[in-house]
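Each chain, written out:
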Amino acid sequence: MKAQAIRFDQTGDASVLRYTDIDIPEPGPGEVRLRHSAVGVNFIDTYHRSGLYAVPLPSGIGQEAAGVIEALGEGVTEFKVGDRAAYAGGPIGSYSSHRNIAAARLVPVPDAVPDEIAAGTLLRGMTAQYLLKRTFKVESGMTVLIHAAAGGVGQIATQWARALGAKVIGTVGSAAKAKLVAPFCDHVIDYTQGNFAEQVRTLTDGKGVPVVYDGVGAATFNGSIDSLALRGMLVSFGNASGPVPPFSPALLSQKGSLFLTRPTLGHYTATREELLATAADYFSVVANGTVKAEVHQRYALADAAKAHRDLEGRNTTGSIILLP
Ligand code: NDP
């Protein structure tokens, strides 16, 4: 069948993305054909497009969508035609109206979760789940620092960390974003105005925080290290401002016997059981209102380049979807 998709032939800025017709064969063994009702746009998509994370070219793009199953390949028993399902974290190619995908990559979407929320927030929500509950366990009474609190991962992680009983310090890049996330944070710091690590020390009686969740990367790395308490952990999970430059492990000793981890969602959802449990945990906090996951930006699929420009230009808050 004919479908529509965004593809790119060479890496570069958002202008390399082109909207085109594609042919989709019948789903193969173990696959289903999913009609996408909404497609998530994530920062990692910009890394694939720019070449920061290498992908074979020419390539599709995008790792997240939700929709309805239209056809089943041989041997698929876990889903039936008409089921709502979503996926996040790959494989690349979600910026499309339809696609074939292994049923093992799909998770069921509960009735209480609309397609737009599943498509726009499953990847970020599962990320928040593993970061807060498995990479470094947030416990009641802790104070934690979460960068880019107004962003997609940031808004989910701040609300969820608070629900786990933590005090949350969130950083943002503008006064408008500070206002937006004030309800989700105990303290908001605009890190474009002055030294955020000093402010974190002041807020923690000089001690620093036991954990920093840093998806900003190069621009915040040193400040994140300086915000940590003795034996604290820097969870460096993204590069929105560029990758962290190389450094000597001796820095971790000098700054207080610190820990550093660089986790990625795929390694925390590596088995079918982990994927289903991570998605179910995230959907449960959406369904019961603990986390208000919001899609703040909607674009036509054909306008994917504009979505990338807005995301990279720090002009978005919360999550972003494309509508095929
Ligand atoms: P966001 O919605 O958080 O957008 C990124 C935000 O980063 C911007 O809105 C901006 O907020 C902040 N930022 C700071 N400096 C820059 C800069 N120079 N250029 C652009 N943005 C900047 O994106 P996502 O929710 O999609 O992802 C957040 C981070 O998490 C990304 O780094 C992403 O790669 C990472 N990630 C990692 C995963 C993993 O498993 N390792 C999984 C999912 C996401 P402000 O203006 O407030 O500073």
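Located above this text is the structure these notes cover.
My aim in this report is to walk through the structure given alongside it, one point at a time. Note that this is a predicted model, so its numbers are computed, not measured. (Residues numbered from 1 in each chain as written. Predicted model: local features only at pLDDT ≥ 70, side-chain atom pairs only at ≥ 80, totals over all residues. Heavy atoms only, no water.)

## Some points on the packing of helix 2 (residues 115–135) against helix 9 (residues 272–287)
Test applied: To define axes, lines are fitted to C-alpha atoms, for helices over the stretch in contact only, and angles between the resulting N-to-C directions are given on a 0 to 180 degree scale. Each helix is a run of H or I in the DSSP string that is no shorter than four residues. Each strand is a run of E no shorter than two, and both are numbered from the N terminus. With respect to orientation, any angle under 35 degrees is reported as roughly parallel, any angle over 145 as roughly antiparallel, any angle of 65 to 115 as roughly perpendicular, and every other angle as oblique. Any two residues whose heavy atoms approach within 4.5 Å at even a single point are treated as in contact. Residues are grouped as follows: Ala, Val, Leu, Ile, Met, Phe, Trp, Tyr, Cys and Pro are nonpolar; Asp, Glu, Lys and Arg are charged; every other residue, Gly included, is polar.
Interaxial distance between helix 2 and helix 9 falls to 9 Å at its minimum, and their mutual angle equals 105 degrees. With respect to their mutual orientation, helix 2 and helix 9 come out roughly perpendicular. On the side of helix 2, the interface is formed by Ile117, Ala118, Thr121, Leu122, Gly125, Met126, Gln129, Lys133 and Arg134, while helix 9 contributes Leu275, Thr278, Ala279, Asp281, Tyr282, Phe283 and Val286. Class assignment of the residues belonging to the contact of helix 2 with helix 9 gives a composition of 9 nonpolar, 4 polar and 3 charged.

## Notes on the nonpolar core
Rules: Remark: nonpolar core denotes a set of buried residues (Ala, Val, Leu, Ile, Met, Phe, Trp, Tyr, Cys) joined through side-chain atoms within 4.5 Å. Accessible area is worked out with a 1.4 Å probe on protein chains only. A residue is then buried under 20% of its type maximum, exposed over 50%, and partly exposed in between.
Among the nonpolar cores identified, the biggest contains 53 residues, and Leu122, Val144, Trp160, Tyr213, Tyr282 and Phe283 are the most heavily contacted of them. Top contributing element to this core by residue count: helix 2, with 10 residues. Apart from the residues lying within four places of it in its own chain, the contact partners of Tyr213 are Leu131, Leu132, Phe136, Val138, Leu145, Ile146, His147, Val235 and Phe237. If you look at the next biggest cluster of nonpolar residues, it comprises 29 residues, including Val32, Ala85, Ala307 and Leu311.

## Some remarks on the pairing of strand 1 (residues 2–8)
This is how it is decided: By definition, two strands form a pair when at least two bridges between them are found by DSSP.
Inspection of the sheet shows strand 1 paired to strand 2 (residues 18–23) by 6 bridges, in the antiparallel sense. When the bridges of strand 2 are listed, Ile6 appears paired with Tyr19. Sheet topology note: the strand 1/strand 4 (residues 59–60) ladder contains 2 bridges and is antiparallel. Bridging from a neighbouring strand, Arg7 pairs with Gly60 of strand 4.

## Remarks on the packing of helix 1 (residues 43–50) against helix 10 (residues 304–312)
Between helix 1 and helix 10, the least distance of the axes is 10 Å, while the angle of their chain directions is 110 degrees. Here helix 10 runs roughly perpendicular to helix 1, going by the angle between their axes. For the pair formed by helix 1 and helix 10, the contact residues are Phe43, Asp45, Thr46 and Arg49 on the first element and His308, Leu311 and Glu312 on the second. Class assignment for the residues of the contact of helix 1 with helix 10 results in 2 nonpolar, 2 polar and 3 charged.

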